[in-house]
Amino acid sequence: MLADSFGRVATDLRVSLTDRCNLRCAYCMPPEGLDWLPAPEVLTSGEIVRLIRVGVSMLGIREVRFTGGEPLLRRDLVPIVARTAALQPRPEISLTTNGIGLARRAGELRAAGLDRINVSLDTLRPEMFRKLARRDRLPDVLDGLAAAVAAGLAPVKVNAVLMRGLNDDEAVPLLQYCLSLGYELRFIEQMPLDAQHGWKRAEMVTAEEIFAALSSSFALAADDARSRGSAPAETFLVDGGPARVGVIASVTRPFCGSCDRVRLTADGQVRNCLFARQESDLRALLRSGATDAQIAARWQAAVAVKLPGHGINDPSFLQPDRPMSAIGG
Ligand code: SAM
Ligand code: SF4
């Protein structure tokens, strides 16, 4: 088991497959991008699958989510998914993506064993997409979403981050759009994880504001059937259901006490929290010929020292050195 000293057990592994991306979302990256990891430092598909195998067969990992950076930029994504699906016990496999290129690959990903997908979509206005993501790719994202449904990846979830003065007037249109196509929308509060350190608490659009904006057009009721458990999203039934909307209030209503996640970066570092300031180097172990048992022991030690919370709301909070795109969101 991957247990920490506060009684939490990590069963959900987030694997960043690359730190590279083809968008430049304002809450994530600067317009010029970042210095990407040198290729030799990035784990190969064989190394990734070996670590996942150690996680599921020795450490109780039950869910694997591939993310990044943009995971669809990995040409070996389909074989990585297929090899993960062949592990015993087979974990649940999901993907978080910006959707660019998904239209072409949704079918093969599904066939390889992908169970679920989250696509990020912050705006429905092409000019706002250009401003927010700094690329003119809105149609590709919408096509990717449609392809995910066609491939049978239901329910397709949509992640949206609202930024003040940019897309903060789009909560209602985004929900209308998602309801009309059967996507399950979740808003995520903007977190201090951008590479340019531009996050300001006063500018953040809070869960409370999002809830108020949605309530002007929809009747929202707490979804008692879906207890929150370790899920970060608080879900609401929309207009009596069955459609739902979620709000992930990572900053204003943290859910650290029930966190069941652990993260692996594209260069093979285990992080016990998005906001951790320390990492454990599994890549060095792997490449020095360590046994599975040695890797498992280092991984357990990394999770054991997980702090009780992310501390964003403490005066002494320090943003981690790695930005979200290099950790895996
Ligand atoms: N590129 C993929 C994507 O955008 O879905 C996967 C990686 S991205 C880092 C994962 C999720 O993190 C996305 O839904 C994105 O909107 C979200 N995200 C990125 N930076 C964030 C921030 N500073 N605060 C909150 N969410 C953020
Ligand atoms: Fe890329 Fe995802 Fe970051 Fe946007 S949020 S820049 S799509 S990694």
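Residues numbered from 1 in each chain as written. Chains lettered and ligands numbered in written order. Predicted model: local features only at pLDDT ≥ 70, side-chain atom pairs only at ≥ 80, totals over all residues. Heavy atoms only, no water.

### Considerations on the sheet that holds strand β1 (residues 12-16)
Part 1 of the reasoning: Spatially, β7-β8-β9-β6-β5-β4-β3-β2-β1-β10-β11-β12 is the arrangement adopted by the twelve strands of the open sheet, whose pairing is mixed. The sheet is open, and its two borders are formed by β7 (220-222) and β12 (280-281), each paired with just one other strand.
Part 2 of the reasoning: For strand β8 (residues 234-238) and strand β9 (residues 244-248), the ladder comprises four bridges, and the chain directions are antiparallel. Pairing of T235 across the sheet is with G246, part of β9. (Pairing = 2+ DSSP bridges. Helix = DSSP H or I, 4+ residues; strand = E, 2+ residues; numbered from the N terminus.)

### Comments concerning the pairing of strand β10 (residues 261-264)
For a regular strand, side-chain orientation follows a simple rule: the groups alternate between the two sheet faces.
Part 1 of the reasoning: The two faces of β10 match: R261 and R263 on one face and V262 and L264 on the other face are all buried.
Part 2 of the reasoning: Direction of pairing for β1 relative to β10: parallel, over a ladder of four bridges. Directly across from V15, in β10, lies its bridge partner L264.
Part 3 of the reasoning: Where β10 folds back on strand β11 (residues 269-271), the antiparallel hairpin that results is connected by four residues, among which G268 adopts a positive phi of roughly 80 degrees. (Buried < 20%, exposed > 50% of the residue type's maximum accessible area, 1.4 Å probe, protein only.)

### Brief notes about the site of ligand 2
Part 1 of the reasoning: In the vicinity of ligand 2, the contacting residues are C21, L23, C25, Y27, C28, G69 and N98.
Part 2 of the reasoning: Taken together, the residues of the shell around ligand 2 break down into five nonpolar, two polar and no charged. (Near = heavy atom within 4 Å. Nonpolar A, V, L, I, M, F, W, Y, C, P; charged D, E, K, R; others polar.)

### Section: the nonpolar core
Part 1 of the reasoning: Within the largest apolar cluster, 100 residues are counted, with the highest numbers of intra-cluster contacts made by F66, F187 and W299.
Part 2 of the reasoning: Sorting elements by how many residues they give to this core places helix α1 (residues 45-58) first, with six residues.
Part 3 of the reasoning: Discounting residues that sit within four places of it in the chain, F187 has contacts with A160, L162, A171, L174, I210, L214, V245, G246, V247 and I248. (Core = buried A, V, L, I, M, F, W, Y, C linked by side-chain atoms within 4.5 Å. Contact = heavy atoms within 4.5 Å.)

### So, the packing of helix α3 (residues 102-112) against helix α5 (residues 138-150)
Part 1 of the reasoning: Two numbers describe how α3 lies on α5: the axes approach to 8 Å, and their chain directions differ by 20 degrees. In this view, α3 runs roughly parallel relative to α5, as classed from their interaxial angle. For the pair α3 and α5, the crossing hand works out as right-handed. For the pair α3 and α5, the contacting residues are L102, A103 and A106 in the first and D143, G144, A147 and A148 in the second.
Part 2 of the reasoning: Among the residues forming the contact of α3 with α5, the class breakdown is five nonpolar, one polar and one charged. (Axes fitted to C-alpha atoms, helices over the stretch in contact; angles between N-to-C directions. Parallel < 35°, antiparallel > 145°, perpendicular 65-115°, else oblique. Left-handed = near helix turned anticlockwise from the far one by under 90°.)

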